[in-house]
Amino acid sequence: MQLISFIRLLFWWVVIIFHLPILTIGQETHFAGRIIDSESGNALAFVNISYNNSGSGTMSNIDGDFILHARESVFLLNFSYIGYEPVVIDRFDKLQNNSMLVRMTPRTYDIDEVRIAPGINPAHRIIDMVYKNKKLNDPEKNKSFSYTSYNKLYFTVEAPESRIDTTISLQDSNLIKIDSSFFEINEFIEKQHLFLLESVSNREYSAPGNNREKIVASRVSGFSNPSFTLLATQIQSFSFYNDFITIFDKNYLNPISYGSKNKYLFILEDTLFTSAKDSLFIISFHPKKGKNFTGLKGFMYINSNLYALQNVVAEAAESKDMFRIKIQQKYEFIENKQWFPVQLNTDIILVDPEDKNNKGLVVVESENNALKVIGVGKTYITNIKLNPVFELKKFKNIALEVEKDAHKKSEEFWDSHRSAPLTEKDTVTYHFLDSIGKEQHLDRKLWIAETTMNGYIPVHFFNLDIRSVINYNLFEGIRLGLGGISNELLSESLFFSGYFAYGFKDKEIKYGGSAKWIISNPHDISLQASYFNDVEESGSYEFLRETRNFDTENFRRFLISHMDYVEGWSTSFEFNALQYFKTQLSVQNSRIRFGNNYQFNDSENGVENLIDRATFSEFSIKLRFAYKEKFMVSGRKKISLGTRFPILYANFHQGVNWMNGEFIYSRYEARISKKFLSRNFGHSHIVIEGGIVEGTAPYSKLYNGKGSYQAFSLVSANSFGVMRMNEFLSDSFLSIFFRQDFGKLLFKTKRFQPGVELVSNFGIGKLQNPELHRGINIKTMEKGYFESGIIINNIINQFFLGYGIGIYYRYGYYRLPKSIDNFAFKLSLKLNI
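Given the structure is predicted, the values throughout are model-derived calculations rather than measurements. (Residues numbered from 1 in each chain as written. Predicted model: local features only at pLDDT ≥ 70, side-chain atom pairs only at ≥ 80, totals over all residues. Heavy atoms only, no water.)

## A few points about the overall build of the protein chain
Okay, step 1: Assigned secondary structure in the protein chain consists of 8 helices and 45 strands.
Okay, step 2: Put simply, the protein chain has 833 residues, and 47% of those count as buried.
Okay, step 3: In the protein chain, once contacts between residues fewer than 6 apart in sequence are set aside, the share between residues at least 24 apart is 62%.
Okay, step 4: About 43,200 Å² of surface is accessible on the protein chain, with carbon and sulfur atoms providing 57% of the total. (Helix = DSSP H or I, 4+ residues; strand = E, 2+ residues; numbered from the N terminus. Buried < 20%, exposed > 50% of the residue type's maximum accessible area, 1.4 Å probe, protein only. Contact = heavy atoms within 4.5 Å. Areas by Shrake-Rupley, 256 points an atom, 1.4 Å probe, with all protein chains shown as cover.)

## Observations regarding the sheet that holds strand β2 (residues 48–51)
Two strands in a sheet stick together by hydrogen bonds in their backbones, pointing the same way (parallel) or opposite ways (antiparallel).
Okay, step 1: In spatial order, the strands read β3-β2-β5-β6; together these 4 strands make up an open sheet with antiparallel pairing. Of all the strands in the sheet, just β3 (57–59) and β6 (87–89) have a single pairing partner and so form its edges. If you compare each strand with its neighbour and ignore which way they point, the axes differ by 15 degrees on average. (Pairing = 2+ DSSP bridges. Axes fitted to C-alpha atoms, helices over the stretch in contact; angles between N-to-C directions.)

## Brief notes about the pairing of strand β24 (residues 470–473)
Okay, step 1: In this sheet, strand β25 (residues 477–486) lies alongside β24 in antiparallel orientation, the contact comprising 4 bridges. Opposite Y472, over in β25, you have I478 as the bridge partner.
Okay, step 2: Between the end of β24 and the start of β25, which pair antiparallel, lie 3 residues.

## A closer look at the sheet that holds strand β42 (residues 773–774)
Okay, step 1: Strand order in the open sheet formed by 3 strands is β32-β31-β42, with antiparallel pairing between adjacent strands. Both outer strands of the open sheet, β32 (610–611) and β42, are each paired with one neighbouring strand and no more.

## Structural notes on the environment of W658
Okay, step 1: Along the chain, the position of W658 falls in the loop between β36 (647–656) and β37 (665–678).
Okay, step 2: Taking relative accessible area as the criterion, W658 reaches 53% and is therefore assigned exposed.
Okay, step 3: Remark: the alpha-carbon pair of W658 and S617, spanning 41 residues in sequence, is separated by 6.6 Å.
Okay, step 4: When near neighbours in sequence (up to four residues on either side) are disregarded, W658 contacts S617 and F619.

## A word on the side chain of Q343
Okay, step 1: Mapping Q343 onto the fold places it in strand β18 (residues 338–350).
Okay, step 2: Within the local environment of Q343, its side chain forms a polar contact with the side chain of D63, the two groups lying 3.0 Å apart.
Okay, step 3: In this structure the side chain of Q343 is engaged in a polar contact, spanning 3.2 Å, whose partner is the side chain of N345.
Okay, step 4: Each residue touching Q343, except ones within four places of it in the same chain, is listed here: I62, D63, Q328, Q329, K330, T379 and Y380. (Polar contact = N/O pair within 3.5 Å; in protein donor to acceptor, adjacent residues only side chain to side chain.)

## Notes on the packing of aromatic side chains
Okay, step 1: Applying the stated rule across the entire model yields 54 aromatic pairs.
Okay, step 2: Ring centres of Y131 and Y258 lie 6.3 Å apart, and the angle between their planes is 50 degrees; this geometry places the pair in the tilted category. With Y131 in helix α2 (residues 122–132) and Y258 in the loop between β12 (250–253) and β13 (264–273), the pair connects residues that are 127 residues apart, well separated along the chain.
Okay, step 3: Residue classification places Y131 among the partly exposed positions, given a relative accessible area of 36%.
Okay, step 4: Relative to F786, the ring of F762 lies with its centre 5.0 Å away and its plane at 45 degrees, an arrangement referred to as tilted. A residue pair is termed long-range when its members are at least 10 positions apart, and F762 in strand β41 (residues 755–766) and F786 in strand β43 (residues 785–798) qualify at 24 residues.
Okay, step 5: Using a relative accessible area of 31% as the deciding quantity, one classes F786 as partly exposed.
Okay, step 6: Cluster of aromatic residues (ring-pair linked, three or more members): F720, F728, F737, Y785, Y813 and Y814.
Okay, step 7: One residue, R593, lies across the ring of Y565, its end atom 4.2 Å from the ring centre.
Okay, step 8: Across the ring face of Y808, the terminal group of K826 is positioned such that the distance to the ring centre comes to 5.7 Å. (Phe/Tyr/Trp six-rings, centres within 6.5 Å; stacked < 30°, edge-to-face > 60°. Lys NZ or Arg CZ within 6 Å of the ring centre and 35° of its normal.)

Structure below.
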């Protein structure tokens, strides 16, 4: 009997032992879902999710999705997130397939209410460790890496559910509170986006600073032109370790940069534990009260493994730009060696400049409803390889390039690179906008828009130069004309240009033309021949610089009052001699008629010979050296990404007696420019220019001082604001122009945020044989010329332009007798994009 009882007990024991895993598995619970902002509907990344008050759980990913596995029955879920009210879910009976949509409500609180108790801030110790390990954890400070990225960017119209009112008024059956236009657009955006872009790129990097990224695939809704593709790769910094974080070409002081504890308030919000038993510190940050700098706000998840960033959420602490941008970054520990970003998200909200409530660009708004334009960008980084071996010669100055056939990739290619299949909304967007693009010729319209932004209006195969239509300077007065250049529709390698103009003050006609052959666009090799019958400033000089449409140095041209009439021809050959060198070789022959009653005493053997015109023949070499300058290239467009090193320019002109040349001389000119960005002082700009003429030459080939004075005029960078036009004449000179742009660092209130800029300029020069120059007053500046000024920028902001005022003061040896004459009052214009 006892034996039978024992056998029965053994039987059930065996059954239980072998079925225990099954019973355990049967008790395992899993949930999946998405977490969103209850007001905006935006996904919330890195939300902490725990169950049964155990502290165990998971975290939502960068897209707001989560999967929770629990090896026990779950009766309670807790959702916690910085800046949001916590959510507790204790009923699961209505869930379908254990899938849920969790809405979290933003919590409003006043920063002034935040207080840190006396003593050591516990967050500071962690931030110190992050800064200490910054170089170790920054991928771009390590030896080398490569990866493939898939980028997706779309713009849509957001209709927050909490703001949609679908009620019908019962007071009047004919009165419906629903705005019909609101619901027409809402119905449209439920089916598709406004714009959709995808790209795939391969990147290779080798320290220090050798970078090459090639966009191998591009797809843009409605367009075949890949111009927009560059946008998706340039929105935010690749990693969160640089001293300044770049978001849409604007620099923000990194909260983990040197000295950041003095500027940022850090709060240790929570401490979690990872599956690898590492601590995960959640630290929020925002600028301290009373600290004026361009900063960020958000929070960081810091892993105790090497004290590295695991997740980051950040946005501008204050912004009055047309875009409000929020970035998210997720890092993983690759090969147990290196923390590396694996996903970058960007939320873009278009802001109405007139909107004081900062609620975004509202396209349709009724009494209770609003539709806002938003953009969502996602970058997924895969195929990460650490420390691959590269040949350095493959890294050139092209940092980002779009392949010619990038827009022709097959669906099979896209399916193999997408992080997730296209949604039905994505597919409808491509189908609808691609058909619209073909019907409306959007590629051509985009080309027209880009050409117009560059200062031209395309008319068939010829681009009219907008800048040639009307101009003004004190010598010619109002100058009306017409000019332009042929475009790619005529030829992709040969370009013809021409113009004519008339000055209403000097009553002279000007005209000219040129032919340019692009021998090699990738290597910037070209040959040009020109003819001109025009005017040019007396005693001026130019370097091999790219002319920008909005460059405040150009404002000085309105004030030019001394000019010469020049007729002649020139040929030039441009090429890149070495990787960072741009070179121009030219020969020019011109007949110059001196303006402003100037005469030159071309005496021989003591016999005076006053002339008012002469023929000049010159051979010239112009150089530009920008060490480590990088470019991005799309088609025929080549855009500079700048360099952190000074840019050097040099000119050499040799006057000869060939081709009827009347003067033999040598002119040497040089320029160095550098722009600095510092944590405490903003942007510093310094430009140093100098020149020397060896031999005898008239005013036209000397240096006029580069003044830009009028009683009231526009601020013109890198010129002397209180020096009169053509006040000094030199055959050798040195000029230093320094600007310190503090931005909003010195002065900022809630409603009034002007920028403060300090200016200080110095010049010195001398002139040999001043008696040779007749008909003008001659002054030289051997004693040194000094002036300083202050500019208050952005006092008034309207659309993209900021208006301000400036005042300059002249002092030192060349101070003028009347005190008021030593002041110059200026209007400042600043392009704010």
